[in-house]
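# Descriptive analysis of the structure
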Amino acid sequence: MNADQDQPNLQLTGEIIKVFYEVYNELGAGFLESIYESAMVVALAQAGLPVSQQVPCSVFFRGKNVGEYRIDLLVAASIIVETKAANQLLPVHEAQLVNYLKATGHEIGLLLNFGPTPQVKRKIFSRKNLRSSA
């Protein structure tokens, strides 16, 4: 298995993470999550990456729509980006991203925390397995 198969969209996620650190370094910690989310939209667009904000998604259970939620950011129509502004990332934050991946069928998600210390978690979901890398 080559590196591209093992780490799909590694270059694209690397570009998103670079933009995350640029935004973090310019704004610092202490703003609301919505501020960072909007700043990421501006910075991603300026970096030439197509991005959609607050993308509506449905959750289905046994073939029935049981609810709606919104993805913070969807980059290049393939990478789900969940932004947080917490003291630290918690397992519940990671579970939220994993559930978004499961519900949408997207394979890769990034969890970006604009807390006192910047944090990044990369999740790769496939029906066979789920991997995480920091």
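Residues numbered from 1 in each chain as written. Predicted model: local features only at pLDDT ≥ 70, side-chain atom pairs only at ≥ 80, totals over all residues. Heavy atoms only, no water.

## Concerning the nonpolar core
Counting 21 residues, the largest nonpolar core has Ile16, Met40 and Leu112 as its most contacted members. Counting only elements with at least two residues in this core, the list comes to α2 (10–27), α3 (33–46), β2 (64–75), β3 (79–84) and β4 (108–113). A total of six residues in this core trace back to one element, the largest contributor, which is α2. Setting aside residues up to four positions removed in sequence, Ile16 forms contacts with Met40, Leu44, Leu49, Val75, Ile79, Val81, Leu110 and Leu112. By size, the runner-up hydrophobic cluster in this structure holds twelve residues, among which are Cys57, Ile71, Leu74 and Leu101. (Core = buried A, V, L, I, M, F, W, Y, C linked by side-chain atoms within 4.5 Å. Buried < 20%, exposed > 50% of the residue type's maximum accessible area, 1.4 Å probe, protein only. Helix = DSSP H or I, 4+ residues; strand = E, 2+ residues; numbered from the N terminus. Contact = heavy atoms within 4.5 Å.)

## What about the packing of aromatic side chains?
Scanning the entire structure with this criterion turns up seven aromatic pairs. Ring-pair connections join several aromatic residues into one group, and the members of that group are Phe20, Tyr21, Tyr24, Phe31, Tyr36 and Phe114. (Phe/Tyr/Trp six-rings, centres within 6.5 Å; stacked < 30°, edge-to-face > 60°.)

## Observations concerning the pairing of β3
With six of six residues buried, β3 is to be regarded as a mostly interior element. Here β3 shows two buried faces, one formed by Ile79, Val81 and Thr83 and the other by Ile80, Glu82 and Lys84. Taken together, the three bridges between β2 and β3 define a ladder with antiparallel strand orientation. Bridge pairing in β3 links Leu74 to Ile80. Between β2 and the antiparallel strand that follows it, β3, lie three residues; Ala76 among them carries a positive phi value of about 55°. Judged from the six bridges that link them, β3 and β4 form a sheet pairing that is parallel. (Pairing = 2+ DSSP bridges.)

## Things to note about α2
Along its 18 residues, α2 runs 26 Å from first to last C-alpha, staying within 8% of the 26 Å computed at 1.5 Å per residue. Among all positions of α2, only Leu12, Thr13, Ile16, Val19, Phe20, Val23 and Tyr24 are buried. Looking straight down α2, one finds its buried side chains confined to an arc of 140°; they lie on one side. In α2, the exposed residues that point more than 90 degrees away from the buried face are Gln11, Lys18, Asn25 and Glu26. Along its buried surface, α2 packs onto α3, β2, β3, β4 and β5 (119–125). Where α2 terminates, the next one or two residues include Gly28, which has phi positive at roughly 70°. (Expected span 1.5 Å × (residues − 1). Arc of directions from axis to C-beta.)

## Focus: the packing of α2 against α3
Between α2 and α3, whose axes approach to 10 Å, the crossing angle comes to 125°. On the basis of their axis angle, the class for α2 and α3 is oblique. The chirality of how α2 crosses α3 is right-handed. Two secondary-structure elements touch here, α2 through Ile16, Val19, Phe20, Val23 and Leu27 and α3 through Ile35, Tyr36, Ala39, Met40, Ala43 and Leu44. Broken down by class, the residue content of the contact of α2 with α3 amounts to eleven nonpolar, no polar and no charged. (Axes fitted to C-alpha atoms, helices over the stretch in contact; angles between N-to-C directions. Parallel < 35°, antiparallel > 145°, perpendicular 65-115°, else oblique. Left-handed = near helix turned anticlockwise from the far one by under 90°. Nonpolar A, V, L, I, M, F, W, Y, C, P; charged D, E, K, R; others polar.)

## As for the confidence of the model for the chain
Mean pLDDT over the chain works out to 90, with 88% of the residues at or above the 70 mark. Across residues 1–5, where pLDDT falls below 50, the model places one contact with residues more than four positions away in sequence or in other chains. (pLDDT = per-residue confidence, 0-100.)

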